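Descriptive structure summary
Residues per chain are reported as follows:
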Amino acid sequence: MAEHIVQLEKVNKYFGDNHVIQDLYLNIEQGEFLTLLGPSGCGKTTILRMIAGFEEATNGMIKVEGERVEDKEPFERNVNTVFQSYALFPHMTVYDNIAYGLTVAKVPKDEIKERVKEMLELVQLMGFEGRKPDMMSGGQKQRVAIARALINRPKVLLLDEPLGALDLQLRKQMQIELKRLQQKLNITFVYVTHDQEEAMTMSDRIAVLQKGVIEQLDTPDEIYKHPASKFVANFIGESNLFDGVVESVDGNTVCAKLVDGGRMKLDAEGFSAGDAITACVRPEVMGYSLEPVEGFDIKATVKNVIFIGSQYKMYAFLDNGQEIKINRTKQDSNVREGDTIWLHWENDDAYGIKESV
Amino acid sequence: MEDTIKTKRMSWGRRNAPAIATAGPVSFWMIVFVLLPMIYVVVISFMSRNVYGGIDFTFTLANYKEMMEPLYLKVIWKSFKLAVLTTVICLLLGYPLAYYIAGKPSATAAKLIMLVMIPYWTNSLVRLYSYNLLGATNGPINNFLLKIGAIEAPLDLLYSDGIVIVGLLTAMLPFSVLPLYTSIEKLDKSLLEASKDLGANAFTTFRKVTIPLTMPGIVGCILLVFIPSLGMYYVPEALGGGKVMLIGSLIRNQFLVTKNWPFGASLAILMILMTLIMMWIYTRVASLDDLEEVF
Ligand SMILES: Nc1ncnc2c1ncn2[C@@H]1O[C@H](COP(=O)(O)OP(=O)(O)OP(=O)(O)O)[C@@H](O)[C@H]1O
Ligand SMILES: [Mg+2]
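It should be emphasised that the depicted structure is a prediction, and the values quoted were computed from it without experimental measurement.

It is worth spelling out the environment of Gly-31 of chain A at this point. Residues and elements named next belong to chain A. Relative to the helices and strands, Gly-31 is located in the loop between strand E2 (18–29) and strand E3 (33–37). Each C-alpha atom of the pair Gly-31 and Glu-3 lies 9.6 Å from the other, and the pair is 28 residues apart in sequence. Those residues in contact with Gly-31 that sit more than four places away from it in its chain are Gln-182, Asn-186, Ile-187, Thr-188 and Asp-204.

All names here are of chain A. As enumerated under the stated definition, the model contains 22 salt bridges over all chains in all. Across the salt bridge formed by Glu-55 and Arg-49, the nearest N and O atoms sit 3.0 Å from each other. One salt bridge in this structure joins Asp-243 and Lys-230, with 3.2 Å as the shortest N-O distance. Here the residue Asp-243 occupies a position in strand E11 (residues 240–250), and Lys-230 occupies one in helix H8 (residues 230–235), the gap between them amounting to 13 residues. Of the residues examined, Asp-243 reaches a relative accessible area of 31% and is grouped as partly exposed.

By a widely used convention, the size of an interface equals the accessible area lost when the partners come together. The interface is formed by 18 residues belonging to chain B together with 23 residues belonging to chain A. Of all residues in chain B, Glu-193, Asp-197 and Leu-198 of chain B bury the most surface against chain A, accounting for 41% of the area lost on that side. Our count for the contact surface shared by chain B and chain A stands at 1 salt bridge. Residues Arg-49 of chain A and Glu-193 of chain B are paired through a salt bridge, measuring 2.8 Å at the closest nitrogen-oxygen approach. At the junction of chain B with chain A, the criterion picks out 7 residue pairs in polar contact (both at pLDDT 80 or more). Among the secondary structure elements, those contributing two or more residues to the side of chain B that touches chain A are helix H9 (189–197) and helix H10 (202–213) of chain B. Among the residues making up the side of chain B that touches chain A, the classes are represented as 8 nonpolar, 6 polar and 4 charged.

All names here are of chain A. The assigned domain composition of chain A is domain 1 (4–231) and domain 2 (239–353). Here the C-alpha centroids of domain 1 and domain 2 sit 39 Å apart. The interface of domain 1 with domain 2 comprises 8 residues on the first partner and 8 residues on the second. Taken over both partners, the interface formed by domain 1 and domain 2 buries close to 660 Å², and the fraction arising from carbon and sulfur atoms is 59%. Area buried by domain 1 at its contact with domain 2 is led by Tyr-224, Pro-227 and Lys-230, which between them contribute 76% of it. At the junction of domain 1 and domain 2, the tally comes to 1 salt bridge. Run the count over domain 1 and domain 2 and you get 3 residue pairs in polar contact (both at pLDDT 80 or more).

On to the confidence of the model for chain B, then. Chain-level statistics for chain B give a pLDDT mean of 84 and a share of 93% at 70 or above. Averaged pLDDT values for the elements of chain B fall to 45 in helix H15 (residues 288–294) of chain B and rise to 94 in H9 of chain B.

What follows is about the sheet that holds strand E14 (residues 276–281) of chain A. Residue and element names in this part refer to chain A. The 5 strands are arranged E13-E12-E11-E14-E20 in an open sheet whose pairing can be described as antiparallel. Edge strands, defined here as strands with exactly one partner in the open sheet, are strand E13 (263–267) and strand E20 (350–354). Sheet twist, expressed as the average angle between the axes of neighbouring strands with direction ignored, equals 45 degrees. When strand E12 (residues 253–258) meets E13, the two strands line up antiparallel, connected through 5 bridges. By the bridge assignment for E13, Lys-257 is matched with Arg-263.

Quick notes on the rules
- Sequence order as written defines the numbering, with residues in each chain counted from 1.
- In the order they appear in the text, chains get letters beginning with A and ligands get numbers beginning with 1.
- Reporting of local features is limited, given that this is a predicted model, to residues whose pLDDT is at least 70; pairs of side-chain atoms are given and counted only at 80 or more, and all residues count toward the totals for whole chains, interfaces and linings.
- Excluded from the side-chain calculation are hydrogens and water; included are all heavy atoms of the structure.
- The helix and strand labels rest on DSSP assignments: H or I over at least four residues marks a helix, E over at least two residues marks a strand, and numbering proceeds from the N terminus.
- Contact between two residues is taken to exist if any of their heavy atoms lie within 4.5 Å; hydrogens are not considered.
- Note on definitions: salt bridges are taken to be side-chain nitrogens of Lys or Arg within 4 Å of carboxyl oxygens of Asp or Glu.
- Exposure is judged per residue with a 1.4 Å probe applied to protein chains only, and the accessible area is read against the type maximum: over 50% gives exposed, under 20% gives buried, and values in between give partly exposed.
- Reported buried area values correspond to the accessible surface (1.4 Å probe) lost by two parts on association, with both partners' losses combined.
- Polar contacts, as used here, are pairs of N or O atoms within 3.5 Å; protein pairs need one atom able to donate a hydrogen and one able to accept it. Residues neighboring in sequence count only if both atoms are side-chain atoms.
- Throughout this entry, Asp, Glu, Lys and Arg are counted as charged residues, while Ala, Val, Leu, Ile, Met, Phe, Trp, Tyr, Cys and Pro are counted as nonpolar. The remaining residues, Gly among them, count as polar.
- Each domain's limits were defined by an automated method or a database of domain assignments.
- Confidence scores here are pLDDT values: one per residue, from the predictor, ranging 0 to 100.
- DSSP-based pairing: two strands are paired if at least 2 bridges between them are found.
- Axes here mean lines fitted to C-alpha atoms, for a helix over just the part in contact, with angles spanning 0 to 180 degrees between N-to-C directions.

Take a look at the structure:
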């Protein structure tokens, strides 16, 4: 059994009548990079703040290193936070900012000097120690914030959208750096973002949240291939969803009638006739032809094709108005705007989602 | 040759016309009503007094020497002491109050600030004389204390340093809360969280983050309270009953009663110097734009 560095058990949080976190169970493993991903207002920050101690859970249990921490002050918890706005002390130099945690712990001056130097090297800010934060760029401030949080050698580092304020290019670069840093130090990172690409790039595991509930907690790969709900399927990457009702099951293969007319088949487990099923088909495996295909009856009309450099994106729509996304690396000169196409896919390219409750 | 000079002059005038138009009247006002009188005060502080109470325009340092006499030194020292005490108490009361108000939602905060300002809007003389009535030997406070048996004989509440400080405090507290509130309200709360997150307890956080970052407000408060407290003569007069002589009253007396203008002027210069020193300390602590925000 893997060691759980942070455990949340049946945690609830209310702000007044607003039930922000609902019966949350979350076990975070030592050394993993766990991302809390979800739309704005779903409670990501609140979860981090409860772990850090800035927000009190209304009820439930929070453990860090196996010890209950609900009654501990933030300064008594062995976790540190990187704030979205950096929250660097403007009246202190970079050196004093980074040294802060050690200074208040009354660590001897020589040791502080040594460890600050170590941190400056780690985040590649040698030579900046005398500067004030307002003389630093966004990316540099971010590094200071990370160094400042890491100098206490926390067991867990909490990061709340740390790259949110950076431009795209710098963000991509920092994503890689952060990931490298995390692997090198072997510290548990709990990372908050609402950028699914960022989450996919960096995380060992992702917890997809919606309205204070974890919809799915798994590896990026698993979540992408086997989304647990329509919400997850839509939130992580692009997807085409087809709602249907199971007609017959033959071994692994499920044949279903589409709710809005038509039929489809796919490989799915745990379904029986009469069940509701949603087929999730990613744009890159969405197939089409100019003639109907055995087992499928889904007609669509091509809207347009856009070339975005790495691929061609074809948009079509069903009779009920639903938009269909199809991605290809090569252009298909046989299909034009207004053409009728018939959708289909390989049985194992689709994933069957049980209608979420 | 002459022409070019002329055009140059004109272009200078044109170029600076907006600046002259906007700053001109103010500068004129300041020169006529502040700078010139100040220069006059400096000048007469080095003159001597003639027997008729006028000014004899012969240079002397006698006024400044006179200040060194124990009688006056005592008054100056006492004024300084009371002003410092008032300032310290204003800070100690004003800071927590401002901190409390800054923690409230802005609508509530605005109402609370109004409450703080109300004493300032009531006529200060009326207020001061009402203290006289309240604190009189047979006034409500003494009567109440006698009735509940807390004291046996009426307390001598009036005409003491204590009541003067109370008077100064009620006059100055609104001014102390405003600059403090402004700077505390500006304080980014996530910095306090960051401090706690890094292992500092509430006290250390207050000392290392809150105080330094609200220093402009603190110094602003000191300036706004200390300087007026030093010179405010009607408070000690109304409450001290002439028993408590402070530098403000002393200066007034020199000008209006004793008719020793040169000596009064030299005392005024001393006060201005004390003020300037405070201002200088302030600019060392706070940057100029912070200064603008406080006032
Ligand atoms: N201090 C607070 N008082 C009242 N409600 C709050 C407070 N903090 C958060 N909330 C509410 O709790 C919910 C979750 O907020 P939270 O900040 O955790 O969201 P988030 O997932 O971090 O969103 P974002 O991506 O926008 O940062 C929101 O509905 C928010 O309005
Ligand atoms: Mg947030």
